[in-house]
Amino acid sequence: MPESTEFRTPLPEGLITVLFTDIVDSSRLKNSMEGDTAARRDAKFRSQIKEPHDKIILDCIKESRGHKVKSTGDGYLFTFTDAEEAVLCALKIQNVFRVNAVNTPLGPLQIRIGLHTGIASPTDDDYVASAVDKAAQIQSQATPGEVFVSHETCALVERLKGVEIEEAGVFDLKGLDSQKLYRVSRSGDAQSANLSTFRSPVVSEIQNPYEFALTANTKTFKGRELEIQELLESIATGTHTAVFGLQRMGKTSLIEEGLRKELESRSELNNSVFVVKIDMQRLGGAQVMYRDFVYAIIEGLVEKISSLGLGRNVQNLRRTHDIFNPGQYQRGDRTEFFSVFAKLLSGLSDATHRRTVLFIDEFSEVRKVIERNKSALHNNPSPTSKLLPHDMYIDVPFIHHLSSLLKDPQLKKQITFIVTVRPFISEYDEREGLQLLKLMKPITLYHLDEKAAKQLITEPLSGQVTYDRGTVDYLYWLTAGHPYLLQFILKLIIDKIIREGRSRVTSQDIKAVEERMVTEGPAFDAPFAVLISDYSVDEVTHPKESLLGKGLLALITYLGRDQEEAWVLSHEIFDTLERYKIPMGKTSSLLSQLTRTKIVEEASVEGTLKYRLSIPLLRQRFLRQNLYLKYFR
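Residues numbered from 1 in each chain as written. Predicted model: local features only at pLDDT ≥ 70, side-chain atom pairs only at ≥ 80, totals over all residues. Heavy atoms only, no water.

**Q** Help me understand the sheet that holds strand 6 (residues 111-120) in this model?
**A** The strands making up a sheet associate through hydrogen bonds between their backbones, and the pairing can be parallel or antiparallel. Here we have 7 strands laid out as an open sheet, ordered 2-3-1-6-7-9-8, and mixed in their pairing. Where the open sheet ends on each side, the last strands, each with one partner, are strand 2 (67-71) and strand 8 (163-172). Across the sheet, the axes of successive neighbouring strands diverge by a mean angle of 25°, strand direction being ignored. Here strand 1 (residues 14-23) runs beside strand 6; their pairing, made up of 10 bridges, is antiparallel. (Pairing = 2+ DSSP bridges. Helix = DSSP H or I, 4+ residues; strand = E, 2+ residues; numbered from the N terminus. Axes fitted to C-alpha atoms, helices over the stretch in contact; angles between N-to-C directions.)

What follows is the structure in structure tokens.
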């Protein structure tokens, strides 16, 4: 119901407390949103930032019995009859924004809040009063993420239980004399408690940039310069590329953050291509049909083309509507379907006058799709000769036809395929005869090098967080530069120091997280599983093979527990497993797979090979959890 006709309780008059809120840096924030026009950026700002912002604030006001007067554009004006309720509501708002952050391109959303208590009466659902003007001026002086109040409000809440008050300084308020303002916080609130006694003045502004569950952001994407240059070369030369890497090694981040940033700095290349992402994990369903995969690509292309303002160029391209028209295909014949698909891709590219970079993320999921569909067809046989091509399930022939697109000379000039895959998919490609990866240039991601890993530790919060001497070196050694593990640990550490109201990371902070991760059982099983998976197709598909691989890791750790730097000679490994009836060929194959993916390190001493787990933290967990006994009894 429009605000002008909805029922509203009368606004209070007399002695009231006025509360103003405002979004920090709103203009810069709007300009940083995605979109090639101001209208599109404003729409993104409204849907992704302003709407969640409004819900948080209005929910808090409703719970605190405040009165909404009006929106001020990027903030609000509220009034309260009780000063204590007003202050508690302001603190609640700031706390919700800290705990349930609204993420923006500039980091977590921050707001300013200012309050003043004075005499005012409403006129036509608004106030024209000096008390309101003063509250607005106080809000403009507030530090981002904090609550400032006037002397008058301070006098009414100074005995409020659970709230601390401190002088924020003397400020020149427009149209008023210099005024002493006060900062209020909850007792023990590390975000805004007594700054002068136990923490750096910048702690209140720290926002944790580390998010291990997401792709890297602008602050946390580090290194990978060589790989980015290889990708740029692939795009420039029309070379299809497969980016290999274990789980959470940064494959998607390489495209979405690293490649994006580099393209933006090269305007000529950036204006001649556009990147379209297709996520295989989102196809879903019990089985995936040809139509699902092809439709996802078409939908992604059309959405991207529309976002660039090029929609009119493709409106009359009939094949965008005709590709699923059953009248043009014979049952069981895939060839014509892929011919139409190729012409459609070519037509879309021609219409936009740009090279399409078709980024298929998590392409390793194709194994799961093919195997699931194999099983479904085995249980309920349905000859493909009776099906229209777009109703067929994704299978090996589908990948063969997709490979034929990659070899099409004309299409190769218009579209570059980039896929991200886990190491096992290469073995699966060879086993099933997919032929696809043979047509692609490989790029492999391993752990970050020392320089990039230390940048990830220190640069995202440079000037806000410092590290005790030796802690950065130790954290790099502990994780061996694994990007996921670094972000996981740093997320825990930075959250902790923010809660405690300090800006320095100590060796004890790292040791405390390290101790938890190596001693606590199920709580950290999932993060560690990420580090030791996907090295071979058998490990992915067969539980017994997976157990054997993990058993080998446990054995290497156990045998190296008292050795210099945890190295184990190869004959010790082979001799032990031979006693458990594991053939030498099997052991050799496993070691090769594990060293190829860098889960295990390999070195040579006087002509004899030696091995150890590459991540010290992982070695510690295997030892402290006594996992050797789990696999060897």
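More follows now that the structure is in view.
**Q** How should I be thinking about the pattern of salt bridges in this particular structure?
**A** Two side chains bearing opposite charge may form a pair once their charged atoms approach each other closely. For the structure on display, the rule yields 41 salt bridges. Measuring nitrogen to oxygen at the nearest pair gives 2.7 Å for the salt bridge that ties Glu-257 to Arg-260. In this pair, Glu-257 and Arg-260 both sit in helix 8 (residues 251-264), 3 residues apart, roughly one turn of the helix. Overall, the relative accessible area of 7% leaves Glu-257 in the buried class. The class for Arg-260 is partly exposed, based on a relative accessible area of 30%. Ionic pairing is found between Lys-454 and Glu-450, a salt bridge with its closest N-O pair at 2.7 Å. (Salt bridge = Lys/Arg side-chain N within 4 Å of Asp/Glu carboxyl O. Buried < 20%, exposed > 50% of the residue type's maximum accessible area, 1.4 Å probe, protein only.)

**Q** Would you explain the environment of Pro-522 in this entry?
**A** Its place among the elements puts Pro-522 in the loop between helix 20 (507-519) and helix 21 (525-531). Linking Pro-522 and Pro-423, residues 99 residues apart in sequence, is a C-alpha distance of 26 Å.

**Q** Teacher, can you tell me more about the packing of aromatic side chains here?
**A** Aromatic ring pairs are reported here in terms of the distance separating the ring centres and the angle at which the planes meet. Following the criterion strictly, the structure yields 18 aromatic pairs and no others. Geometrically, the ring pair formed by Tyr-290 and Phe-337 is tilted, given 6.3 Å between the ring centres and 40° between the ring planes. Here Tyr-290, found in helix 10 (residues 290-307), pairs with Phe-337, found in helix 12 (residues 335-352); they are 47 residues apart in sequence, far enough to count as distant. In this structure Tyr-290 comes out as buried when scored by relative accessible area, which is 0%. (Phe/Tyr/Trp six-rings, centres within 6.5 Å; stacked < 30°, edge-to-face > 60°.)

**Q** How should helix 18 (residues 471-479) be read in this particular structure?
**A** Each turn of an α-helix holds 3.6 residues, which means side chains three or four residues apart point in the same direction. Among the residues of helix 18, Thr-471, Val-472, Leu-475, Leu-478 and Thr-479 are the ones counted as buried. Each buried residue of helix 18 lies within a common arc of 130° when the element is viewed along its axis, so the set occupies one face. Tucked inside the fold, the buried residues of helix 18 contact helix 17 (450-458), strand 15 (466-467), helix 19 (483-499), strand 16 (504-505), helix 20 and helix 26 (616-624). At the exit of helix 18 stands Ala-480, carrying a positive phi of roughly 55°. (Arc of directions from axis to C-beta. Contact = heavy atoms within 4.5 Å.)

**Q** Is there a simple way to explain the nonpolar core in this structure?
**A** Soluble, globular proteins show a tendency: their nonpolar side chains are buried together. Within the largest apolar cluster, 80 residues are counted, with the highest numbers of intra-cluster contacts made by Ile-494, Met-517, Ile-556, Ile-573 and Leu-617. Of all the elements, helix 19 adds the most residues to this core, at 10 residues. Beyond its immediate stretch of four places on either side in the chain, Ile-556 contacts Val-568, Ile-573, Leu-591, Val-600, Tyr-611, Arg-612 and Leu-613. Counting residues in hydrophobic clusters, the runner-up holds 54 residues, among them Ala-342, Leu-348, Val-421 and Met-440. (Core = buried A, V, L, I, M, F, W, Y, C linked by side-chain atoms within 4.5 Å.)

**Q** It is not clear to me how unusual backbone geometry should be interpreted in this structure. Could you clarify?
**A** For residues other than glycine, phi is negative in most cases, and the peptide bonds are mostly trans. In this structure, Lys-581 takes a positive phi of about 65° despite not being glycine. With respect to the helices, strands and loops of the structure, Lys-581 is situated in the loop between helix 24 (570-579) and helix 25 (584-596). Judged by its relative accessible area of 72%, Lys-581 falls in the exposed class. Notably, Asn-626 is not glycine yet its phi reads approximately 55°, a positive angle. When you line up the elements, Asn-626 lands in the loop between helix 26 and helix 27 (628-631).

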